[in-house]
Amino acid sequence: MLKSKSNAPSPTEAIYERLWDAIAERNLRPGTRLKEEQLAEIFAVSRARVRSALAALERDGLVRLVPNRGAFVAEPTIREARDIFFARATIESKLVERLCAHASTGAINRLKAHVAEERAAAERCDRAAAVRLSGGFHLLIAELAGSPYLFEVLRDLVSRTSLITAMYQPRGEKDCGPDEHEDIVSKIACGDVEAAKLAMDHHLDHIERQLNLAQSDEGPRHLREILS
Ligand SMILES: [Zn+2]
């Protein structure tokens, strides 16, 4: 992954992050063409920098580079979608187990505060914040479980999940949503490992079962409008 933890990301990292966010928050939809020269203009950088950022996004599975045609937001197949949910269920079950073993009051409070933020975003119908926060909930569990490596792995899986739900989730269906997250937190707070793992399993299974092959009917939006 191309990410900077420092305060001053390089221009390439900044483009990567901006595009990553726009894809993960589903403002840039699967199949959207990412024109090099337009991105260079929007970010006021050289096309070489744009190319580096796009290459890094391709390595992370979020962008597809087609010779002589350019870069497109990736369109995961149903099979890839199933594999990603399989990987998430396996990893997240273990992360919950690990977190249950040593969840401090501080950790529980952070999880509760996060769910409260999700609920507030849902109530004010802030779709972008709701998408970001619902993925963020899963990443917070990874962070609190204390594995920077698994955090990075999950970050990748969560962003790919965003592409999958953008493609295969029927309109009107919600993402994670605060209710099931709240249930997971309450089980972790009780220290009930099996119940917490079951709640996470049920939650991921629920999201996966909502998927279908219906394509979004939203028309393409202009890069400048999304990224400016
Ligand atoms: Zn969730």
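Residues numbered from 1 in each chain as written. Predicted model: local features only at pLDDT ≥ 70, side-chain atom pairs only at ≥ 80, totals over all residues. Heavy atoms only, no water.

1. Notes on the UniProt feature "domain: HTH gntR-type" (unreviewed entry) in the protein
Here is step 1: When the UniProt feature table is mapped onto this chain numbering, "domain: HTH gntR-type" (unreviewed entry) sits at residues 9-76.
Here is step 2: Helix makes up 51% of residues 9-76 and strand 15%. Its end C-alpha atoms lie 29 Å apart. (UniProt positions renumbered as here; feature names shortened; annotations may be inferred. Helix = DSSP H or I, 4+ residues; strand = E, 2+ residues; numbered from the N terminus.)

2. Quick notes on the pairing of strand β3 (residues 70-73)
Here is step 1: With two bridges joining them, strand β1 (residues 33-34) and β3 adopt antiparallel strand pairing. Pairing of leucine 34 across the sheet is with alanine 71, part of β3.
Here is step 2: Looking at chain direction, strand β2 (residues 63-66) and β3 are connected through four bridges and run antiparallel. Across the sheet, residue valine 63 finds its bridge partner in β3, namely valine 73.
Here is step 3: Between β2 and the antiparallel strand that follows it, β3, lie three residues; asparagine 68 among them carries a positive phi value of about 65°. (Pairing = 2+ DSSP bridges.)

3. Concerning the nonpolar core
Here is step 1: Counting 37 residues, the largest nonpolar core has Leu95, Leu111, Ile141 and Ile188 as the members making the most contacts within it.
Here is step 2: Elements represented by at least two residues in this core include exactly α4 (78-102), α5 (105-123), α6 (127-144), α7 (148-168), α8 (178-190) and α9 (193-210).
Here is step 3: Excluding anything up to four places from it in sequence, isoleucine 188 contacts Val96, Leu99, Cys100, Ala103, Ile108, Leu111, Ile141 and Ala196. (Core = buried A, V, L, I, M, F, W, Y, C linked by side-chain atoms within 4.5 Å. Buried < 20%, exposed > 50% of the residue type's maximum accessible area, 1.4 Å probe, protein only. Contact = heavy atoms within 4.5 Å.)

4. Some words on the environment of serine 134
Here is step 1: Among the structural elements, serine 134 can be located in helix α6.
Here is step 2: With 42 residues separating them along the chain, serine 134 and cysteine 176 place their C-alpha atoms 5.8 Å apart.

5. Thoughts on the pattern of salt bridges
Here is step 1: A full pass over the atoms with the stated rule returns 16 salt bridges.
Here is step 2: Of the charged contacts, one joins arginine 51 and glutamate 36 as a salt bridge, the two residues approaching to 2.7 Å between their closest N and O atoms. Of this pair, arginine 51 sits in helix α3 (residues 47-59) while glutamate 36 is found in helix α2 (residues 36-43), placing the two residues 15 residues apart along the sequence.
Here is step 3: Here glutamate 92 ties to arginine 88 by a salt bridge, and the two come within 2.6 Å at their closest N and O atoms. (Salt bridge = Lys/Arg side-chain N within 4 Å of Asp/Glu carboxyl O.)

6. Details of the sheet that holds β2
Here is step 1: Read from one edge to the other, the open sheet built from three strands follows the order β1-β3-β2, with strand pairing classed as antiparallel. Either end of the sheet is taken by a strand with one partner, and the two such strands are β1 and β2.

7. Considering α3
Here is step 1: Taking 1.5 Å of rise per residue, the 13 residues of α3 would be expected to cover 18 Å, and the 18 Å separating its terminal C-alpha atoms lies within 8% of that figure.
Here is step 2: Of all the positions in α3, only Val50, Ala53, Leu54, Ala56 and Leu57 are classed as buried. Projected onto a plane normal to the axis of α3, the buried residues spread over an arc of 160° and lie on a single side.
Here is step 3: Packed against the buried residues of α3 are α1 (11-24), β1, α2, β2 and β3.
Here is step 4: Looking one or two places after α3, you find glycine 61, whose phi comes out positive at around 80°. (Expected span 1.5 Å × (residues − 1). Arc of directions from axis to C-beta.)

8. Considerations on unusual backbone geometry
Here is step 1: Despite not being glycine, asparagine 68 has its phi angle at roughly 65°, a positive value.
Here is step 2: For cysteine 125, which is not a glycine, the phi torsion comes out positive at approximately 55°.
Here is step 3: Structurally, cysteine 125 is set in the loop between α5 and α6.
Here is step 4: The exposure class assigned to cysteine 125 is exposed, which follows from its relative accessible area of 67%.

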